[in-house]
Amino acid sequence: MKLFWLEFKRFTTSLAFVLYTLVTVGFILLNVWPMIDRGLATAPVNPTARYDLITTTDFHALKTNALDQLKEEHADDAYVTYPFGFAKNVTLTAGAQVKVEQALNQARQADTRRGLEKALGPVDQLLGGHSDYQAANLQRFAVRPMTLAEARRDHTLIMRKDRITGTYARLFADIASIIVCILPTIVIIAYCYADRRAQIRPTMQAKAMGTPKWLVTRYAASVAGLLIPVLMTALLLLGRVILLYPGAALDYWAFFKAAGFWVLPTLLVSTAVGFLSDALFSNFTGFALQIGWWLITMMIGAHQVIGNYGWLLIPRHNSLHNVSFFYAHYSELAINRLGYTLLAIVFLGLTMVLMNLQREGKYRGFHLRPARR
Amino acid sequence: MDTIQINHLTKHYRGKDTPALNDVSLTISAGMFGLLGKNGAGKSTLMRILTTLDQATAGSIQMCGIPITQRAAIRAQVGYLPQNFGFYPTMTVSDALTYLAILAHVPARDQQRRIARLLAQVNLTKQARTKVKALSGGMRQRLGIAQALVNQPKVLIVDEPTAGLDPEERIRFRNLLAEFAQERIVLLSTHIVSDIEATTNRIGVLDQGHLLFTGTTAQLQTQAAGHVFASSLSVAELSAFKARYEISEQIVQGDTAHIRFLATAAMPGASTVAPTLEEAYLYLQSRPTRQGVRQ
């Protein structure tokens, strides 16, 4: 336990940790704080109002959304694609515009998802790929506004099952996962690099303590430290909800449950990647790999941000609604989170093996070198 | 049985033509033992193998009766001060020692008492709350020796511990080592002959992975007896002389240089003198190649 506290103290007083805390708290608050208002307590009554979007399995809604967007983009000759997750504006030649129009007409005839994919595939090719019209990305059009009845059911779930805080906690978990998927890796690599900079490794490696105990203590201390800004923001957001909803039956633990159940597994993985990367490369190479993983996850997640769990390292639920989707897919999310927790343990096991090999002089780090000419 | 027995130890690094250690056999018993050699002689490789941080390509080692392959048991009884010892700069001396005491499996109930005693022994009690980055080079090395002793090891291995220290700190550090050698094996690796001269008379000399000599300093000096001479010559002759002989000392006074040098046979005009340890070491190292000792 004493070693844990010494590691914790060293970790939480490092410059990398201070910067991580500032960025994490800032990122979460900037994205979640403005979304917290008194609106959730108001029951929907207006049958003509446009309510928030929900995920739908209705093909016609998907098709209508896709074709409406394509029609608009075609009319303006202003398309957007998302190579590596970054938005890119695309304009087409007159000839290509004609082909898009033909594809649009063909897509109008499509009466199955497969038919629609086939019709819109050429549009994606004309745009250079990574567009919303790519078969794998069409799912993002599978949304529609709630009806009044659905909005009422959604409201009931928010008030009775989420108890308001649970709704905000989902948004908080969605945003917090984005940042803890990437930053802990670099913080951990910097933390481990301090060993090399201080030339302390041979001294520590020659001591009697077994690698598993040492690594697990270090890992636990790091994870505890990395959770601090997450829990701090959870506390701040909870305070804001309490102030905005006086007298409401709130779930006071909702933010902390979201932090533990939803955010923590992502953080466990990105932290383990940091340790594994240090053991594997002995430099900052692993951070580049984690950026790649993060970008891919973000791109896949962006197909449907208001409720998208599957096997995403960052499960998405960037909405204060679509509550029934969350409860209907809760077990999917739980399996996802359990899976990533296990993956973090596997990464930690690999790190142990590599550290043991290093301790015995059998492995000195895998270094990427530019190819010789 | 407090000895280190090294039998036919060889270490090849991948991609290197010559071995870092070549069939080294050596027995080290309790007390201080000096391992002398130039940079790159293979001393640090041997230290790393003895501390289980590297593995031999061939050969075996028994440390106090335990084979080196039993790493956990070896680590429990070895204290190691590596070359370029460092620690987290923002940690206090006390925390640093506590940290390493935990890694060395010192029981929690003994830690504070043992650390206080070690700090007193290495004269760092006043610096207990000082951050490591605020320590001088000498203080840092003393912290290094304290951490190496924290598990009360039977074997203390110190690699080039006095490099970079000022003369006062060097003497203080050597005295500490001598003190600690009274109750354990201390293996001191260095390229500084005066460190050996001041601390022990039992040495081994490594050169390019070969163990050139093992025995007492007196035996080494005896080997060089009759091969060290003193003479005086004009400063103008000095360059030509240097090309032929290994000069171990030169004092220039006006146009005259008073020199001590190594040669294989007596020379006219030069008087035979008793070799110092440094000269005996030079003689041993230069014996196969230098013209001065081939004559």
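Calculation criteria
Residues numbered from 1 in each chain as written. Chains lettered and ligands numbered in written order. Predicted model: local features only at pLDDT ≥ 70, side-chain atom pairs only at ≥ 80, totals over all residues. Heavy atoms only, no water. Helix = DSSP H or I, 4+ residues; strand = E, 2+ residues; numbered from the N terminus. Buried < 20%, exposed > 50% of the residue type's maximum accessible area, 1.4 Å probe, protein only. Contact = heavy atoms within 4.5 Å. Areas by Shrake-Rupley, 256 points an atom, 1.4 Å probe, with all protein chains shown as cover. Pairing = 2+ DSSP bridges. Axes fitted to C-alpha atoms, helices over the stretch in contact; angles between N-to-C directions. UniProt positions renumbered as here; feature names shortened; annotations may be inferred. Phe/Tyr/Trp six-rings, centres within 6.5 Å; stacked < 30°, edge-to-face > 60°. Lys NZ or Arg CZ within 6 Å of the ring centre and 35° of its normal. Buried area = accessible area lost by both parts, 1.4 Å probe. Salt bridge = Lys/Arg side-chain N within 4 Å of Asp/Glu carboxyl O. Polar contact = N/O pair within 3.5 Å; in protein donor to acceptor, adjacent residues only side chain to side chain. Nonpolar A, V, L, I, M, F, W, Y, C, P; charged D, E, K, R; others polar. Domains from an automatic or database assignment.

Draft legend 1. Summary view of the overall build of chain A. Along its length, chain A carries 14 helices and 4 strands. Overall, the C-alpha framework of chain A stretches about 70 × 70 × 30 Å when taken along its three principal axes. Residues counted as buried form 52% of the 373 residues belonging to chain A. For chain A, long-range pairs separated by at least 24 residues make up 78% of all intrachain contacts whose partners lie at least 6 apart in sequence. Approximately 17,400 Å² of chain A is accessible, and the part contributed by carbon and sulfur atoms is 64%.

Draft legend 2. Structural context of the sheet that holds strand E12 (residues 246-253) of chain B. Residues and elements named next belong to chain B. Strand order in the open sheet formed by 4 strands is E12-E13-E11-E14, and the pairing between neighbours is antiparallel. Of all the strands in the sheet, the pair left with one neighbour each is E12 and strand E14 (271-272). The pairing of strand E11 (residues 228-234) with E14 spans 2 bridges and is classified as antiparallel. Across the sheet, alanine 230 pairs through a bridge with serine 271, a residue of E14. Here helix H10 (residues 277-286) sits on the sheet in contact with E11, E12 and strand E13 (256-262), set at roughly 60° to E13.

Draft legend 3. Representation of the UniProt feature "domain: ABC transporter" (unreviewed entry) in chain B in the model. In the UniProt entry, the feature "domain: ABC transporter" (unreviewed entry) is given for residues 4-233 of chain B. Its end C-alpha atoms 48 Å apart, residues 4-233 of chain B is made of 34% helix and 29% strand.

Draft legend 4. Quick look at the packing of aromatic side chains. Within the structure shown, the criterion is met by 28 aromatic pairs over all chains. When the ring of A:Phe172 is compared with that of A:Phe255, the centres are 5.6 Å apart and the planes differ by 75°; the resulting orientation is edge-to-face. Here A:Phe172 is found in helix H7 (residues 165-180), whereas its partner A:Phe255 is found in helix H11 (residues 254-281), with 83 residues between them in sequence. Here B:Phe241 and B:Phe261 contribute two aromatic rings whose centre-to-centre distance is 4.8 Å and whose plane-to-plane angle is 85°, an arrangement assigned as edge-to-face. Separated by 20 residues along the polypeptide, B:Phe241 in helix H9 (residues 238-244) and B:Phe261 in strand E13 bring together distant segments of the chain. Across the pair, B:Phe261 and B:Phe241 agree in class, each one buried. Stacked on the ring of B:Tyr88, the Lys or Arg A:Arg10 has its end atom at 3.6 Å from the ring centre.

Draft legend 5. The arrangement of the UniProt feature "transmembrane region" (unreviewed entry) in chain A in detail. All names here are of chain A. Per the UniProt record, "transmembrane region" (unreviewed entry) is found at residues 12-36, 171-194, 215-239, 259-281, 293-314 and 334-357. Strand forms 0% of residues 171-194 and helix 92%; the C-alpha atoms that close the span are 35 Å apart. Measuring from the first to the last C-alpha atom of residues 293-314 gives 11 Å, for a span that is 41% helix and 0% strand.

Draft legend 6. Broad picture of the pairing of strand E1 (residues 3-11) of chain B. Residue and element names in this part refer to chain B. Two elements, E1 and strand E2 (residues 21-29), share 6 bridges in a ladder whose sense is antiparallel. Of the residues in E2, the one forming a bridge with threonine 3 is serine 29. Alignment of E1 against strand E4 (residues 58-63), held across 5 bridges, turns out to be antiparallel. What sits directly across from asparagine 7, in E4, is serine 60.

Draft legend 7. Looking closely at the interface of chain B and chain A. Each side of the interface is counted separately: chain B has 32 residues, and chain A has 27 residues. Between chain B and chain A lies a buried interface of about 2,600 Å² when both sides are counted; carbon and sulfur atoms form 59% of it. Considering only the surface of chain B that becomes buried against chain A, B:Arg75, B:Tyr88 and B:Leu103 emerge as the three largest contributors, covering 26% of it. In this assembly, chain B and chain A are joined by 2 salt bridges. A salt bridge links A:Glu360 to B:Arg71; its shortest N-O distance comes to 3.5 Å. Counting across the interface, chain B meets chain A through 10 residue pairs in polar contact (both at pLDDT 80 or more). For the side of chain B that touches chain A, the secondary structure elements donating two or more residues are helix H2 (71-77), helix H3 (93-103), helix H4 (108-121) and helix H5 (137-148) of chain B. The greatest single-element share of the side of chain B that touches chain A, amounting to 6 residues, is contributed by H3(B). Of the residues in the side of chain B that touches chain A, the class split is 17 nonpolar, 10 polar and 5 charged.

Draft legend 8. Quick peek at the domain arrangement of chain A. Looking at the assigned domains, one finds that chain A contains domain 1 (2-42 + 152-359) and domain 2 (58-141). Each of domain 1 of chain A and domain 2 of chain A has a C-alpha centre, and the two are 35 Å apart.

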